[in-house]
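This is what each chain is made of:
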Amino acid sequence: MTVLPYEEAIAAYDPVLGLEVHVELNTISKMFCGCSTAFGAEPNTQVCAVCLGLPGSLPVVNVKAVESAIRIGLALNCTIAEWCRFSRKNYFYPDMPKNYQISQYDEPIAYDGWTEVVLDGEVYRIGIERAHMEEDTGKSLHVGGATGRIHGADYSLLDYNRSGVPLIEIVTKPVEGTGAKAPEVARAYVTMLRDLLRALGVSDVRMEQGSLRCDANVSLRPVGTTPLGIRTETKNVNSLRSVERAVRYEITRQAAVLAAGGRVTQETRHWHEDSGITTSGRNKETAEDYRYFPEPDLVPVAPSREWVDELRATLPEPPAAKLQRVSAEWGFSELEMRDVVSAGAVDAVEATVAAGATPQSARKWWLTEVARRANEAGVDLEDVGISPQQVAEIQALVEKGTINDKLARQVFEGVIAGEGSPAEVVTVRNLAIVSDEGALAAAVDEAINANPDIVNKIKSGKVQAAGALIGSVMKQMRGQADATRVRELILEKIG
Ligand SMILES: [Zn+2]
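Residues numbered from 1 in each chain as written. Predicted model: local features only at pLDDT ≥ 70, side-chain atom pairs only at ≥ 80, totals over all residues. Heavy atoms only, no water.

Novice: Looking at this structure, I do not really get a nonpolar patch on the surface. What am I missing?
Specialist: A contiguous nonpolar surface patch, about 310 Å² in accessible area, is contributed by L141, Y155 and L157. With respect to the helices, strands and loops of the structure, L141 is situated in strand 7 (residues 139-143). (Patch = residues over 30% accessible without salt bridge, like charges linked within 9 Å, V, L, I, M, F, W, Y side chains within 5 Å. Areas by Shrake-Rupley, 256 points an atom, 1.4 Å probe, with all protein chains shown as cover. Salt bridge = Lys/Arg side-chain N within 4 Å of Asp/Glu carboxyl O. Helix = DSSP H or I, 4+ residues; strand = E, 2+ residues; numbered from the N terminus.)

Novice: Would you explain the coordination of the zinc ion in this entry?
Specialist: In ideal tetrahedral geometry, four donors around a metal make angles of 109.5 degrees, whereas ideal octahedral geometry with six donors gives angles of 90 or 180 degrees. Taken together, C33 (SG), C35 (SG), C48 (SG) and C51 (SG) make up the full set of protein donors to the zinc ion, lying 2.3 to 2.4 Å away. Taken together, the 4 donor atoms coordinating the zinc ion and their angles of 100 to 116° define a geometry best described as tetrahedral. All donors to the zinc ion come from one chain, and their sequence spacing reads C-x1-C-x12-C-x2-C. Taken together, the residues C35 in the loop between strand 1 (13-24) and helix 2 (63-75) and C51 in the loop between strand 1 and helix 2 connect sequence positions 16 residues apart. Residue C35 is classed as buried on the basis of its relative accessible area, which comes to 9%. (Donors = N, O, S within 2.8 Å, 3.2 Å for Na, K, Ca; no water. Tetrahedral: all angles 85-135°; square planar, octahedral: opposite > 155°, others 65-115°. Buried < 20%, exposed > 50% of the residue type's maximum accessible area, 1.4 Å probe, protein only.)

Novice: Whenever I open this one, the pairing of strand 12 (residues 267-272) confuses me. Can you help?
Specialist: Among the 6 residues of strand 12, 5 are classified as buried, and the element is accordingly described as predominantly covered. Strand direction decides the pairing type here: strand 11 (residues 232-237) and strand 12, joined by 4 bridges, are parallel. Within strand 12, the position partnered with K235 by the bridge is H270. With helix 4 (residues 240-259) bridging strand 11 and the parallel strand 12, this β-α-β connection has left-handed handedness. Sheet analysis places strand 12 next to strand 13 (residues 277-283), joined by 5 bridges and oriented antiparallel. For H272, the partnering residue across the bridge sits in strand 13 and is I277. In this antiparallel pair of consecutive strands, strand 12 and strand 13, the connection spans 4 residues, and G276 shows a positive phi of 70°. (Pairing = 2+ DSSP bridges. Right-handed = clockwise from strand over helix to strand, strands pointing away.)

Novice: What is the right way to look at the nonpolar core in this model?
Specialist: Proteins that are soluble and globular tend to have nonpolar side chains buried together. Ranked by internal contacts, the top residues of the largest apolar core, which has 76 residues, are I72, I109, I170 and Y189. If you tally residues by element for this core, the top one is helix 3 (residues 182-200), at 11 residues. When residues no more than four places from it in sequence are discounted, the contact partners of I170 are L19, E20, V21, V23, I72, L76, I128, R130, A131, Y189 and L193. V346, V349, A392 and I433 belong to the second-largest nonpolar core, a separate cluster that totals 35 residues. (Core = buried A, V, L, I, M, F, W, Y, C linked by side-chain atoms within 4.5 Å. Contact = heavy atoms within 4.5 Å.)

Novice: In this structure, what is going on with the pattern of salt bridges? I would like to understand it.
Specialist: Here the idea is simple: oppositely charged side chains can pair when their charged atoms come close. Under the counting rule described, the total for this entry stands at 47 salt bridges. Of the charged contacts, one joins R312 and D309 as a salt bridge, the two residues approaching to 3.8 Å between their closest N and O atoms. In this pair, R312 and D309 both sit in helix 5 (residues 305-312), 3 residues apart, roughly one turn of the helix. Using a relative accessible area of 46% as the deciding quantity, one classes R312 as partly exposed. A relative accessible area of 46% places D309 in the partly exposed class. R373 is paired through a salt bridge with E369; the nearest N and O atoms lie 2.7 Å apart. In this pair, R373 and E369 both sit in helix 9 (residues 359-377), 4 residues apart, roughly one turn of the helix. Here the residues in one salt-bridge network are R194, D195, R198, E317, K322, R325, E329, D347, E350 and E382, joined through shared partners.

Taken by themselves, the reported measurements are silent on function.
Structure, rendered in structure tokens:
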């Protein structure tokens, strides 16, 4: 696949984004029936006549899902419809037993809003086209192929547990004027949305479990022109990191097509996490292809203004205001705060501080130990396998003097490998700092006896040479000693 170098692409073309985020609500029951929505159950154990689409079954709207939809709409500064309906979106797919999806078409529950994302200290205003309610589909499992995709599989299995789980689809207006920052703005927007949805308490927002999914629309137009170019839609990008990578890749790919005098094909594309590229999916359907019509089995939704006002009073603080507040509370410099925001670590740091760590130590661990492992594994911070509570526990062990920063890294490793709580890892791996003065003195003596040259240097006044002896003792003690105390002992014994 030909791509243009990113800088060249951006010099010639202006990217326009459109982001569609699907969020699975964390209601106890499904959108139109009483089946459980719990994740990870045995396949096809959470199903009934309604969500299996059996003839004659009738859907009933889940009021809690409508409530969540309204709260999401309000948090995104949308107008809440006084009256809206569900529609049938008709298409066949094996994981959708009714042959249509109940969705909202021309009458979304929330529309015409906006939100703000902060990136490198700059505020980008993102217009929200709509937030509408719909139901999720089931899941296909393709067996026998190498990649888990249908291509090359021997057969496919269907799990309808997810069929009918409430979804809200949040669609932005075209996001313009981001220039070279487009990939990062896309990531910052999805990060902000994830944090906002979590603060609303309406979803688990786990991208790797699919409860938050992003489709990224990208188009290019020659720099200095206004008409929008032809867009592609990259489907189901399932981590924050991938959102940024997928947008960046599409910009370089489309730029190469345009620069060669070609036309971008309007289509959906698949993101490949391993190779970092997108490949052609199907040609994009237009709304006409779905033959939308109003769902005849459901009454319209007409939320009273009193209810909407009640729900407005339950909103969390807006994301930009929250950033300002925590930044002040934590006493971070502008640069420190920027790093936390761009790493998507605001909530993680907040939860770690709530669990007892100081803001600076929370920031340090999330942006070093956890971020490094997230990068290596190609996942988001939250999916590394360590919780804010555990990070706070590790920091508490450091402050108690049980371990030092260096040993803490091994504790991170152990916790992430599933060896238990931080305290358990310290015990099992025998990592605690040795406070036994006798053992320490013995190690110091050994280092002194083995290095007469260094001892002489120290005696002749070159105190900095003690560093080599400290290093030798620390090595003997497998790093499990208090370096300050070791230094004291060395100087005592020599001096
Ligand atoms: Zn059901």
